[in-house]
Amino acid sequence: MSRLAVVCGGSRGIGRAVSRLLAERGCRLVVVSRNEDATQATVASLHGAEHVAFSCDVSKEQEVQKTFNTIQKTCGNISYLVNAAGINRDALLLRSKPEDMVSQLHTNLLGTMLTCRAALRSMLHTKGAAIVNIGSVVGLKGNAGQCVYSASKAGLEGFTRSLAKEVASRQIRVNLLVPGFIHTDMTTGLEEQDKLRSIPLGRFGEPEEVAHAVLFLLESPYITGQVLVVDGGLQLAM
Ligand SMILES: NC(=O)c1ccc[n+]([C@@H]2O[C@H](COP(=O)([O-])OP(=O)(O)OC[C@H]3O[C@@H](n4cnc5c(N)ncnc54)[C@H](OP(=O)(O)O)[C@@H]3O)[C@@H](O)[C@H]2O)c1
């Protein structure tokens with residue numbers, strides 16, 4: 001029977017590339033994001049059949065619980081959970097609006113906590129269950145203009161390591177993947193040429209390159225509580 005993989009933030013960017021790769025590798029995908037049409041379009045583009053789309057805001061506890069209850073009832077137990085839903089509202093702290101601070105923390109950090117919590121009971125029943133959370137190199141190194149985003153991503157490191165300890169005895173693995181600059185909607189507004197000088201490999205990464213690293217973490221049976229940096233060497237220069 002194929003493994004059931006839930007990808008939050010799977011409609012675009014890194015999450016979509018992860019969904020595509022996992023579908024190619026024979027998983028049954030549950031793609032989750034807020035925009036229903038975009039989520040359906042991604043599901044329709046996946047290799048194979050029987051994939052499903054759910055519209056859900058991961059920052060809303062009741063929506064998350066309802067969505068995961070429905071996934072459990074209609075699709076069965078979850079093998080893999082990938083938390084790629086994320087937003088940024090870059091601004092100097094002095095100019096940051098409280099509502100933007102809350103939405104970044106609620107989506108990036110609380111959202112990941114809520115989906116992990118909602119998925120865990122189902123994952124207890126599957127062999128080789130694994131979670132990959134998506135952080136950011138900014139969460140490790142900090143960046144001016146991204147205090148709140150950085151804090152949300154740094155929080156994921158402590159959360160991931162702690163959860164890995166909590167569920168290791170139940171054979172569920174939890175790891176954090178930390179991308180640098182990747183070509184997605186999130187980076188389209190950036191002046192790419194200015195950034196390239198700080199990346200030792202001299203280019204932005206592609207979502208598919210991150211997806212391969214996510215797959216590696218999901219499928220590596222003896223890796224848990226780790227942080228894998230996929231950034232073309234960026235953090236070496238930060
Ligand atoms: N691109 C980079 O350079 C980069 C670097 C470091 C880390 N990251 C991290 O990697 C992850 C993926 O980023 P990306 O670049 O692929 O971004 P993206 O292209 O903007 O995609 C973000 C995805 O998250 C979903 N999403 C956002 N808020 C959500 C919410 N409240 N509930 C459910 N889904 C939500 C979006 O769909 P809807 O809008 O329809 O909900 C979309 O599917 C994020 O956590 C980001 O912080 C990205």
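The rules we used
- Residue positions are given per chain, counting from 1 as you read along its sequence in written order.
- Under the rules for a predicted model, residues below a pLDDT of 70 receive no local features and side-chain atom pairs below 80 are neither given nor counted, while totals for whole chains, interfaces and linings still include all residues.
- Calculation of side-chain values draws on the structure's entire complement of heavy atoms; hydrogens and water are dropped beforehand.
- Strands are runs of DSSP state E lasting at least two residues, helices are runs of H or I lasting at least four, and both sets are numbered from the N terminus onward.
- With C-alpha atoms as the basis for the radius of gyration, the globule rule is written as 2.2 Å multiplied by the number of residues raised to the power 0.38.
- Only protein chains enter the accessibility calculation, which uses a 1.4 Å probe. A residue is then buried if its area is under 20% of the maximum for its type, exposed if over 50%, and partly exposed in between.
- Contacts are residue-level and defined by heavy atoms, with any inter-residue pair within 4.5 Å sufficient.
- We define a salt bridge as a contact between a side-chain nitrogen of Lys or Arg and a carboxyl oxygen of Asp or Glu at a distance within 4 Å.
- Pairing between two strands is assigned when DSSP locates at least 2 bridges connecting them.
- In this description, a line fitted to the C-alpha atoms serves as the axis of each element, helices being fitted only across the stretch in contact, and the angle between N-to-C directions of two axes falls anywhere from 0 to 180 degrees.
- Being near a molecule or strand, for a residue, comes down to having at least one heavy atom within 4 Å of it.
- Each polar contact in these results corresponds to two N or O atoms within 3.5 Å; when the atoms are within protein, one needs to be able to donate a hydrogen and the other to accept it, and residues that are neighboring in sequence are counted only if both atoms are side-chain atoms.
- Here, Shrake-Rupley sampling with a 1.4 Å probe gives the accessible areas, and only protein chains in the shown set may cover a residue.
- Buriedness of a pocket was judged along seven lines, with at least five required to meet protein on both sides within 12 Å; pockets are open sets of points on a 1 Å grid over the protein atoms alone, cavities are sets where a 1.4 Å probe fits but cannot get out, and lining residues have an atom within 4 Å of a point.
- More than half of a molecule's atoms within 2 Å of the grid points is what it takes for that molecule to sit in a cavity or pocket.
- We call Asp, Glu, Lys and Arg charged. Ala, Val, Leu, Ile, Met, Phe, Trp, Tyr, Cys and Pro are nonpolar, and the rest, Gly among them, are polar.
- Grid points are joined across faces, edges and corners, and a volume is the space filled by probe spheres set on the points.
- By convention a nonpolar core is built from buried Ala, Val, Leu, Ile, Met, Phe, Trp, Tyr and Cys residues, the set being connected through side-chain atoms within 4.5 Å.

### Description of the overall build of the protein chain
(1) Moving on: Along the backbone of the protein chain there are nine helices and seven strands.
(2) Moving on: Against the compact-globule benchmark of 18 Å for 238 residues, the protein chain has a radius of gyration of 17 Å, which places it among compact chains.
(3) Moving on: Judged by the C-alpha coordinates and their principal axes, the protein chain covers about 45 × 40 × 35 Å.
(4) Moving on: For the protein chain, buried positions account for 49% of its 238 residues.
(5) Moving on: Put simply, 67% of the contacts in the protein chain that link residues at least 6 apart link residues at least 24 apart.

### Observations concerning the side chain of Asn108
(1) Moving on: Note that Asn108 resides in helix H4 (residues 98-123).
(2) Moving on: Residues in contact with Asn108, not counting those within four places in the same chain, are Ala85, Gly86, Ile87, Tyr149, Ser152, Lys153 and Leu156.

### Overview of the pattern of salt bridges
(1) Moving on: Applying the stated criterion to the full structure yields five salt bridges.
(2) Moving on: Between Arg12 and Asp185 there is a salt bridge; the shortest N-O distance is 2.9 Å. Residue Arg12 is located in the loop between strand S1 (4-8) and helix H1 (13-24), and its partner Asp185 is located in the loop between strand S6 (173-179) and helix H7 (192-196); the two are separated by 173 residues in the primary sequence.
(3) Moving on: By relative accessible area, which is 49% here, Asp185 ends up partly exposed.
(4) Moving on: With a closest N to O distance of 2.8 Å, Glu209 and Arg203 form a salt bridge.
(5) Moving on: Here Glu209 falls in the partly exposed class, since its relative accessible area comes to 34%.
(6) Moving on: Given a relative accessible area of 41%, Arg203 falls into the partly exposed group.

### Overview of the sheet that holds S1
(1) Moving on: Sheet architecture is open: seven strands sit in the order S3-S2-S1-S4-S5-S6-S7, paired in parallel fashion. Whereas interior strands pair on both sides, the edge strands pair on one side only; in this sheet they are strand S3 (52-55) and strand S7 (227-230). Averaged over all neighbouring strand pairs, the angle between strand axes comes to 15°, with direction disregarded.
(2) Moving on: One ladder, built from five bridges, connects S1 with strand S2 (residues 28-33); its direction is parallel.

### With respect to the site of the ligand
(1) Moving on: Close to the ligand lie 29 residues; Ser11, Arg34, Tyr149, Lys153 and Thr184 are nearest.
(2) Moving on: One nitrogen or oxygen atom from the main chain of Gly9 is found 3.3 Å from an oxygen atom belonging to the ligand.
(3) Moving on: Alone, the ligand offers 880 Å² of accessible surface; in the complex the protein occludes 96% of this.
(4) Moving on: Mapping the ligand onto the cavity grids shows that it belongs to the largest pocket.
(5) Moving on: Those elements that place two or more of their residues in the shell around the ligand are H1 and helix H6 (147-167).
(6) Moving on: Partitioned by chemical class, the residues of the shell around the ligand number twelve nonpolar, twelve polar and five charged.

### Here we look at empty space enclosed by the protein
(1) Moving on: Under the definition given, this model contains one cavity of 30 Å³ or more.
(2) Moving on: Arg89, Asp90, Ala91, Ser96, Gln104, Gly145, Gln146, Cys147, Val148 and Tyr149 are the residues that line the largest cavity.
(3) Moving on: With three residues, the single largest contributor to the lining of the largest cavity is H6.
(4) Moving on: Its residues placed into classes, the lining of the largest cavity shows four nonpolar, four polar and two charged.

### Examining the nonpolar core
(1) Moving on: The biggest cluster of nonpolar side chains holds 29 residues, and the ones touching the most others in it are Val6, Phe68, Ile71 and Leu81.
(2) Moving on: Looking at this core, the elements with two or more residues in it are S1, S2, helix H3 (61-75), H4 and H6.
(3) Moving on: With six residues, H4 is the single largest residue contributor to this core.

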